[in-house]
Structure formats: structure tokens, C-alpha cells
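Spelled out from the first residue to the last, the chains are:
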Amino acid sequence: MKIRDIKMDGYAVFTKDKDELMDEVCRMEADSHWDSGVAGSGIAVFGIEPLEVPSVQADAKNGGGKYGFIANADSLDEATILDTANGCGLLVSYNYNLHAARDTAVSGLHETAKLYGSAFGRMDAHTHATVLQYGLNVAKTTNLVLQRCGKVSAVHSSSYEIMPISRLLQILDKELPSRFGECKFLHGTNGHALTTAMWSLNDAQQDILDRYQKALDSAGFPTIMPVAWMPAVYFESSDTALSAARAVPVFIDDAGCVSRFTEGVQIKHVKSAGGCGKFAEEVEKMWSLFDESMEKIADMAKVIVNHPANAFVGVCNKLQIPAKWAEKTRAFLDGYQVNGQQLSAHDIYVIATRIPKHAKELGAAETVIKSLTEQIGKMLDVEWKDYDVGGSVAWGNK
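Note that the coordinates shown come from a computational prediction; the quantities given were computed from them, not determined experimentally. (Residues numbered from 1 in each chain as written. Predicted model: local features only at pLDDT ≥ 70, side-chain atom pairs only at ≥ 80, totals over all residues. Heavy atoms only, no water.)

The subject of this paragraph is empty space enclosed by the protein. A complete count under the given rule lists one cavity of 30 Å³ or more for this structure. If you add up the space inside the largest cavity, you get close to 40 Å³. If you go around the largest cavity, the residues you meet are Trp229, Phe251, Ile252, Asp253, Cys257, Ser259, Val350 and Thr353. Taken together, the residues of the lining of the largest cavity sort by class into five nonpolar, two polar and one charged. (1 Å grid on protein atoms, 1.4 Å probe; cavity = no way out; pocket = protein on both sides within 12 Å on 5 of 7 lines; lining within 4 Å. Points joined across faces, edges and corners; volume = space filled by probe spheres on them. Nonpolar A, V, L, I, M, F, W, Y, C, P; charged D, E, K, R; others polar.)

Excluding glycine, most residues fall at negative phi; most peptide bonds, likewise, are trans. Here the phi dihedral of tyrosine 96 falls at roughly 65°; this positive angle occurs in a residue that is not glycine. For tyrosine 96, a relative accessible area of 57% corresponds to the exposed category. (Buried < 20%, exposed > 50% of the residue type's maximum accessible area, 1.4 Å probe, protein only.)

Our next topic: the packing of helix α11 (residues 323–338) against helix α12 (residues 345–352). Viewed as axis vectors pointing N to C, α11 and α12 meet at an angle of 145°, and their least axial separation amounts to 10 Å. Between α11 and α12 the crossing geometry is right-handed. Contacts between α11 and α12 pair Thr329, Phe332 and Leu333 from the former with Ile348, Ile351 and Ala352 from the latter. Here the contact of α11 with α12 is built from residues that sort into five nonpolar, one polar and no charged. (Axes fitted to C-alpha atoms, helices over the stretch in contact; angles between N-to-C directions. Helix = DSSP H or I, 4+ residues; strand = E, 2+ residues; numbered from the N terminus. Left-handed = near helix turned anticlockwise from the far one by under 90°. Contact = heavy atoms within 4.5 Å.)

Turning our attention to the packing of helix α10 (residues 308–319) against α11. At a minimum axis separation of 7 Å, α10 and α11 run at an interaxial angle of 155°. The angle between the axes of α10 and α11 places the two elements in the roughly antiparallel class. When α10 is examined against α11, the residues Pro308, Ala309, Asn310, Phe312, Val313 and Cys316 are found in contact with a partner set consisting of Ala326, Thr329, Arg330, Leu333, Asp334, Tyr336 and Gln337. Residue classes in the contact of α10 with α11 are distributed as eight nonpolar, three polar and two charged. (Parallel < 35°, antiparallel > 145°, perpendicular 65-115°, else oblique.)

Turning our eyes to something else, we now look at the sheet that holds strand β6 (residues 97–101). Overall, mixed pairing links the six strands, which are arranged β3-β7-β8-β6-β5-β4 in an open sheet. Looking at strand neighbours, the two that pair on one side only are β3 (32–39) and β4 (44–47), the edges of this open sheet. Taking each pair of neighbouring strands and ignoring which way they run, the sheet shows an average axis angle of 40°. Bridge count between β3 and strand β7 (residues 142–148): six bridges; the pairing is antiparallel. When the bridges of β7 are listed, aspartate 35 appears paired with valine 145. Contacting β4 and β5 (90–94), helix α5 (residues 125–137) crosses the sheet at an angle of about 165° to β4. (Pairing = 2+ DSSP bridges.)

If you add up the space inside the second largest pocket, you get close to 190 Å³. Together, 17 residues line the second largest pocket, and Ser75, Leu98, His99, Gly150 and Lys151 are the ones closest to its centre. Mapped by element, the contributors of at least two residues to the lining of the second largest pocket are β3, α3 (78–85), β6 and β7. The biggest single contributor to the lining of the second largest pocket is β6, with three residues.

In this structure, Tyr212, Phe251, Phe279, Phe312, Met379 and Trp384 are the most contacted members of the largest nonpolar core, which totals 75 residues. Of all the elements, helix α9 (residues 286–301) adds the most residues to this core, at eight residues. Once you skip the residues sitting within four places of it in the chain, tyrosine 212 turns out to touch Val227, Trp229, Phe251, Phe261, Met294, Ile297, His346 and Val350. (Core = buried A, V, L, I, M, F, W, Y, C linked by side-chain atoms within 4.5 Å.)

So, on to the environment of glycine 275. Turning to its location among the elements, glycine 275 is positioned in helix α8 (residues 275–283). Given the relative accessible area of 0%, glycine 275 is considered buried. As for glycine 275 and glutamate 361, which are separated by 86 residues in sequence, their C-alpha atoms are 37 Å apart. Ignoring any residue separated from it by four or fewer positions in sequence, one finds glycine 275 in contact with Glu161, Met163 and Ile267.

Turning our attention to the pattern of salt bridges. Taken as a whole and judged by the stated rule, the model has 23 salt bridges. A salt bridge links lysine 385 to aspartate 388; its shortest N-O distance comes to 3.3 Å. Judged by its relative accessible area of 14%, aspartate 388 falls in the buried class. Where salt bridges share partners, they join Asp9, Asp83, Arg102 and Lys151 into one cluster. (Salt bridge = Lys/Arg side-chain N within 4 Å of Asp/Glu carboxyl O.)

Across all of its chains, the model carries 16 aromatic pairs by this definition. On the basis of an interplanar angle of 85° and a centroid distance of 4.9 Å, the ring pair of tyrosine 212 and phenylalanine 251 is categorised as edge-to-face. Of this pair, tyrosine 212 sits in helix α7 (residues 205–217) while phenylalanine 251 sits in strand β12 (residues 245–252); the two residues are 39 residues apart in sequence, bridging distant segments of the chain. Members of the aromatic cluster, joined through ring pairs, are Phe180, Tyr212, Trp229, Phe251, Phe261, Trp287, Phe290 and Tyr349. (Phe/Tyr/Trp six-rings, centres within 6.5 Å; stacked < 30°, edge-to-face > 60°.)

Counting buried positions along β12 gives eight out of eight residues, so the element sits mostly inside the fold. Neither face of β12 is exposed, since Ala245, Ala247, Pro249 and Phe251 on one face and Arg246, Val248, Val250 and Ile252 on the opposite face are all buried. The sheet contact formed by strand β11 (residues 230–237) and β12 spans seven bridges and is antiparallel. By the bridge assignment, proline 231 is partnered in β12 with phenylalanine 251. Taken together, the three bridges between β12 and strand β14 (residues 265–267) define a ladder with antiparallel strand orientation. Residue pairing in the sheet places alanine 247 in a bridge with valine 265 of β14. Looking at chain direction, β12 and strand β13 (residues 258–260) are connected through three bridges and run antiparallel.

Rendered as C-alpha cells:
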């Protein structure tokens with residue numbers, strides 16, 4: 001998947017080449033500028049529809065027009081504005097400059113205005129901008145605004161800590177081999193909303209899997225899952241979202257499904273969290289995070305579930321995972337339940353990690369797959385015995 005026009009909201013790159021990923025991240029960062037001290041009440045938003053795009057530059061040049069005085073009127077790019085008109089439909093003005101807004105900036109604008117709700121998604125662009133402006137006019141915030149690749153790409157609070165993604169990738173590329181020996185870059189993605197990367201820990205595989213097997217054996221209950229995975233480290237971060245920079249120890253099976261048993265390294269984008277320096281410190285402790293995973297594996301392997309398919313459906317209902325993505329997994333578990341076979345919570349969880357793969361096969365969007373992955377991770381903290389009931393358990397969300 002490669003959409004190379006980095007100015008457009010749909011820009012996305014998937015690669016198995018580490019250098020290509022770094023080049024794309026650096027290309028994005030090179031066309032970036034952070035404006036600090038932007039008053040929330042000094043931000044103006046305007047709705048834009050596709051048919052109105054040709055008139056934007058002329059209106060901007062007219063100092064008495066709807067945009068007021070605009071210093072950068074001559075540099076407005078029609079293709080970029082059209083992309084926004086077909087997307088979030090908002091133009092943003094501050095410090096006498098007018099910019100197209102990227103879809104990644106919308107949540108920050110709403111946070112600044114302290115206005116939220118699903119109703120905004122049902123508004124046309126002009127109504128959206130009008131209502132949003134009411135909140136911005138009385139905003140008390142001072143903001144950090146990211147200008148990236150021709151658009152306002154993020155609007156953050158002044159407490160936001162900038163952690164260059166290129167620097168985070170460099171930290172991992174240096175620290176993982178120094179602690180785990182040979183590591184192989186598997187794949188990475190880059191877009192305006194998120195950057196991800198995955199490294200396998202080839203040299204440390206046998207050592208880590210031996211620990212994994214020992215953790216399972218300590219439970220004294222047989223597992224149906226062969227311990228034949230590849231240990232890896234998954235990374236993600238974003239300059240446009242409020243999510244943390246993460247580096248998580250995981251296990252990958254032969255089908256590419258990923259299991260995790262710890263939250264891993266998570267450094268929030270706030271000044272008090274320590275930034276890139278703290279991220280590097282925590283990555284140095286990655287071995288201890290694998291040890292933490294082993295403790296969780298042992299604990300889950302001790303929880304014996306008598307009705308695995310029923311418990312799975314109950315947990316999916318709790319986490320609002322729809323049947324259309326999870327039914328194939330339920331049917332697989334039902335084969336064990338019908339035969340009266342007990343499974344551990346560990347085994348059910350690992351089987352549940354197949355859901356994102358099934359959803360992808362059914363055509364689910366990447367945002368849906370990411371959401372499913374996050375919800376499945378919450379299964380680690382579920383009391384599985386609470387959902388271990390007989391009879392028939394119906395799906396709550398089709």
C-alpha cells in the first residue's frame with residue numbers, strides 16, 4: 001500500500017524496508033513547522049465545499065472578504081484545499097494566514113473549543129465551522145499548531161511534548177540489537193495519523209520461548225497452543241494524535257497474528273512525561289517487559305474455562321466486539337466446547353487475536369482493525385470465570 005502524495009490526507013506507505021520507512025518519516029518531518037503560543041480564541045475556522053474551492057484564493061486576496069486580511073493568499077494551493085473540501089471540510093486561519101485543515105487536526109480543534117459529540121459528523125461543513133467557532137471564540141487555551149505538508153495537521157495544548165518519530169525509530173534501531181542480538185525489521189507504515197514498525201528478535205527467540213513454555217508449564221494445565229511464535233517489538237507513535245509513543249513486546253504466530261501480554265513502554269506526549277530521553281530509558285528495560293509478559297501468561301494459563309465459546313462471546317459483548325468480525329473465532333472455540341474440552345484463559349485470548357486478521361479478510365477498514373486490536377488487548381484484564389456459563393450465549397452486537 002503506497003499513496004505517495006504526502007500533501008493529501010490519504011497519504012500512506014507500507015514497507016518492509018527499514019530505510020524506506022525512515023526516509024518517508026524524515027520527508028514528512030522536513031516539511032513540518034510547529035507554531036507555539038497560538039491563542040485558541042485567535043483561531044478562526046471556515047467551512048469549504050468542493051464547488052467553492054476555485055474562489056478561495058480570490059476571497060483570500062480580498063482583504064475585506066469573509067477571511068479578513070490573509071498574508072499568504074498567493075501561496076494557497078488549490079489541490080490541497082480540494083483534498084480538504086472532500087475530507088473534513090474546514091479551513092483554519094490564525095496569525096493572518098489561511099490553511100487547509102487535515103482530518104487529523106479536527107479533534108484538536110474540538111478539544112480547544114471544548115465542543116464534542118457525534119452530531120458534528122452529521123453537519124455540513126459550514127454548519128460544523130459555525131458551531132465550532134462559537135467555542136473557539138471563548139477558548140482560554142494557548143496552543144501548539146503543527147503545519148505539515150501544506151496543511152494544519154494538529155492543534156495541541158501548550159503542554160504537548162514533541163517527540164520526533166525519526167528519533168524514536170533511531171532509539172529502537174540502536175537499543176534492540178544491543179539487548180537482543182540480531183533483530184530483523186519486518187515492516188512499517190507511515191501516514192499523517194500514525195507511524196508503526198515491527199522488529200523480530202531472532203537471536204533471542206529460543207531463550208524467550210523457553211521462558212514462555214516454562215510459564216505455561218507452571219500452571220499445570222495443558223495448553224492447545226504450540227509455543228512456536230516469533231518474539232518481536234511493535235512500535236507506534238503519532239505527532240497528530242494524543243496517544244503515547246509505544247514499544248511493546250509481542251509474539252507473532254505463523255499466520256501473522258500478534259499477541260501481547262503487557263502494555264510495554266508508553267510515553268505520553270506531555271512535557272512532564274520525559275520525552276525521547278525517557279523513551280530511551282524505558283526501551284533499555286525491554287527484557288524486563290518480556291519477564292512481565294511471562295507472569296501474565298502464567299496467571300492466565302491457571303484460569304480454566306469450562307465453556308470457552310460462551311465465555312468468549314460474553315467477553316466480546318462486554319468489549320463491544322461485533323459478531324461479524326468474531327463469529328469465525330467463536331465457531332472455532334465451539335468445537336472445543338461441544339466436545340466438553342476445557343481451555344485456559346491464555347488459550348482463548350491467543351485464539352481471539354485472530355479476529356483482526358479475519359476482519360481484514362472480510363474487508364474491514366484499517367481504523368476498524370486497529371480498534372479491534374485495542375479491544376482484544378483489554379481481554380488481558382477480564383475476569384474470564386465471570387463469563388464461564390453454560391447454555392447458549394447470544395451475541396449482543398451483530
